[in-house]
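# Remarks on the overall topology
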Amino acid sequence: MKVHAITLGCKVNQYETQNMLASLASAGISPCDSSQEADIVLVNSCTVTAASDHKVRQTLHRARRQNPNAVIVLTGCMPQAFPEEAQALTDADIVLGNSNRAALVPDLMQYLSSRQRIIDILPHETGEKFEPMQVKRFYERTRAFVKIQDGCNRFCSYCIIPYARGRIRSKPLPQLREELAVLGQNGYREVVLTGINLSAYGQEMGLHLCDAVEAACAVPEIQRVRLGSLEPEQLQDDVIQRLARQEKLCPQFHLSLQSGCDATLRRMNRHYDTAEYRRIVEKLREVFPNAAITTDMMVGFAGETEEEFAQSLEFARSIAFAKVHVFAYSRRPGTVAYNMPGQVSNAVKEQRSRALSAVTEETRRAFLQEQVGRLEPVLFEQQAAPGIWEGYTPNYTPVHVPSEEALAGEIRPVRLTECTGELCLGEISHSL
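Treat the numbers as computed from the prediction; the structure is a model and nothing was measured.

### Details of the overall build of the protein chain
Within the protein chain one finds 13 helices and 18 strands. Taken over C-alpha atoms, the radius of gyration comes to 22 Å for the protein chain, in line with the 22 Å a tight globule of 432 residues would show. Dimensions of the protein chain along its principal axes, counting C-alpha atoms only, are 65 × 55 × 45 Å. Within the span of the protein chain, comprising 432 residues, buried residues form 56% of the whole. In the protein chain, of all internal contacts separated by at least 6 residues, the share reaching a separation of at least 24 is 73%. Accessible area for the protein chain stands at about 18400 Å²; split by element, carbon and sulfur atoms hold 49% of it. With 47 positive and 52 negative side-chain charges, the protein chain shows a separation of 1 Å between the mean positions of the two kinds.

### What about the side chain of Ser 353?
Inspection of the secondary structure assignment puts Ser 353 in helix α13 (residues 346-371). Overall, the relative accessible area of 17% leaves Ser 353 in the buried class.

### A closer look at the sheet that holds strand β17 (residues 411-420)
To summarise the sheet geometry, strands pair through backbone hydrogen bonds and adopt either a parallel or an antiparallel arrangement. Overall, mixed pairing links the five strands, which are arranged β14-β15-β16-β18-β17 in a closed barrel. Between one strand axis and the next, the sheet turns by 50° as a mean value, whatever way the strands run. Two elements, strand β14 (residues 375-385) and β17, share five bridges in a ladder whose sense is antiparallel. Each bridged residue has a counterpart across the sheet, and for Val 378 the counterpart in β17 is Arg 412. Contacts between α13 and the sheet are confined to β16 (398-402), β17 and β18 (423-428), with β17 contributing the most and set at about 125° to the helix.

### Remarks on the packing of aromatic side chains
If you walk through the whole model with that rule in mind, you get eight aromatic pairs. Between the aromatic rings of Phe 155 and Tyr 163, the centroid separation amounts to 5.6 Å while the plane-to-plane angle is 80°, which identifies the pairing as edge-to-face. With a centroid separation of 6.0 Å and an interplanar angle of 65°, the aromatic rings of Tyr 277 and Phe 315 are classed as edge-to-face. On the criterion of sequence distance, the pair formed by Tyr 277 in helix α11 (residues 274-287) and Phe 315 in helix α12 (residues 306-319) is long-range, its members being 38 residues apart. With a relative accessible area of 0%, Tyr 277 lands in the buried category. Relative accessible area serves as the criterion here: at 5%, Phe 315 is assigned to the buried category. Grouped by ring-pair contacts, the aromatic residues Tyr 272, Tyr 277, Phe 315 and Phe 321 constitute a single cluster.

### What to know about the pattern of salt bridges
All told, the structure shown has 30 salt bridges when counted by the stated rule. Here Asp 150 makes a salt bridge to Lys 147, at a shortest N to O gap of 2.8 Å. Comparing Asp 150 with Lys 147 shows no difference in burial state: the two are buried. Linking Arg 226 and Glu 190 is a salt bridge whose minimum nitrogen-to-oxygen distance equals 2.9 Å. Here the residue Arg 226 occupies a position in strand β10 (residues 224-227), and Glu 190 occupies one in strand β9 (residues 190-195), the gap between them amounting to 36 residues.

### Thoughts on unusual backbone geometry
Residues other than glycine seldom take positive phi values, yet Phe 155 does so here, at roughly 55°. Mapped onto the fold, Phe 155 is located in the loop between β7 (143-150) and α6 (161-165). Its relative accessible area of 32% is what places Phe 155 among the partly exposed residues. Positioned with a positive phi, Gln 258 is a non-glycine residue whose angle comes to about 75°. Within the secondary structure, Gln 258 is located in the loop between β11 (252-254) and α10 (262-268).

### Regarding the environment of Arg 65
Here Arg 65 shows up in helix α2 (residues 50-66). Under the relative-accessibility criterion, Arg 65 is labelled exposed at 59%. For Arg 65 and Asp 91, which are 26 residues apart along the polypeptide, the C-alpha to C-alpha distance reads 9.4 Å.

### Some remarks on the sheet that holds β10
Spatially, the four strands line up as an open sheet ordered β8-β7-β9-β10, and their pairing is mixed. One side of each edge strand has no neighbouring strand; the edge strands of this open sheet are β8 (169-170) and β10. Bridging between β7 and β8 involves two bridges; their strand directions are antiparallel. Residue pairing for β8: Asp 150 is matched across the bridge by Arg 169. Contacts from helix α7 (residues 173-185) reach β7 and β9 within the one sheet, and its direction differs from that of β7 by about 175°.

### A look at the packing of helix α1 (residues 11-26) against helix α5 (residues 104-114)
As a packed pair, α1 and α5 sit with axes 9 Å apart at the nearest point and diverge in direction by 55°. Our classification of the angle between α1 and α5 gives oblique. Crossing of α1 over α5 shows right-handed handedness. Of the residues in α5, those in contact with Met 20, Ser 23 and Leu 24 of α1 are Leu 104, Val 105 and Leu 108. Within the contact of α1 with α5, the residues separate by chemical class into five nonpolar, one polar and no charged.

Analysis parameters
Residues numbered from 1 in each chain as written. Predicted model: local features only at pLDDT ≥ 70, side-chain atom pairs only at ≥ 80, totals over all residues. Heavy atoms only, no water. Helix = DSSP H or I, 4+ residues; strand = E, 2+ residues; numbered from the N terminus. Rg over C-alpha atoms; globule rule 2.2 N^0.38 Å. Buried < 20%, exposed > 50% of the residue type's maximum accessible area, 1.4 Å probe, protein only. Contact = heavy atoms within 4.5 Å. Areas by Shrake-Rupley, 256 points an atom, 1.4 Å probe, with all protein chains shown as cover. Lys, Arg positive; Asp, Glu negative; His and termini not counted. Charge placed at Lys NZ, Arg CZ, Asp CG, Glu CD. Pairing = 2+ DSSP bridges. Axes fitted to C-alpha atoms, helices over the stretch in contact; angles between N-to-C directions. Phe/Tyr/Trp six-rings, centres within 6.5 Å; stacked < 30°, edge-to-face > 60°. Salt bridge = Lys/Arg side-chain N within 4 Å of Asp/Glu carboxyl O. Parallel < 35°, antiparallel > 145°, perpendicular 65-115°, else oblique. Left-handed = near helix turned anticlockwise from the far one by under 90°. Nonpolar A, V, L, I, M, F, W, Y, C, P; charged D, E, K, R; others polar.

Rendered as structure tokens:
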């Protein structure tokens, strides 16, 4: 039997999909590249916005239309956060939550035997442990994601994720070290440490994110360690200095901002203000030369006035982010912000999204232009076009290089010669 996996959402979901594929492989079910040739279609869902839920429904419909006889499995955050809505998605034959992913193979075997629809969603429990997972290989990837943390205790007023993921819990260091060692032995040159609230790694065990970074950097075969999205207020000066001692740590930091207006941040129940955020960015740039600072920014949050949006816009311009994911606020039932006054119209959200995108695209181009002339080690991932190879510098600048040699998985010194659009062009050098 064959399975085709469709992953929606974050890097944590990508990791969890690989883990589920490994579980299916142990049952004799191998991955394939398209839903049309699959016996099973696995949809690992996201529910961070209403648009995410819409995409889940579309994906299920498309999979059913393309392969009417396939067994369709829906899992991930959407059914965990909204079990009744997920149960109503009748294109799915099996519906699983995040809390009991281990039931995937048994539920699938039961369905194949009975052909009776299965809904298997269990609530998160207080004090639950980190789900044991170890991914040894990533299909069609030269970079390995490693999930080291799950859950969130922050309860930002707009966010449904604590309900979809439960409370914070972390991968024990011995398990993490074992997984990292296997990935290194399997040829992965770069690992990305990921989590739902990555900055909270180890808090319940008396550990710190720095412990996980140091464990990853200690693996001889791993040459680069990258961090997923971080909550900024966890990055005190001593933490930044400790991270800086790890030469393998890539100077790219995705610091979740959401808004550049202090009043909006308070309504969001974020745990920092713009002054603190700016201090952290300045310290990172001081300690990590040529660091890329990227972020997420939301427009149209409940109560956001034109003046507040203008403050957010100016803050984004002044920080000069290397890249920004701009998105509109989406009301999620069950969150505090759902019933807040001053809900912003879709038309205004679209207008503000365009305005913020225009500003952050300017700062993106300026950042890429600053990279021109630099000599950087590039980890190549894939062929972008015949004779053109695509890779990334340590600060995650995308680079295209001409080469007749196959470069996937190789780290080569590259002189960046030109900035064009969303990437830099370069030439392979013979020395760094």
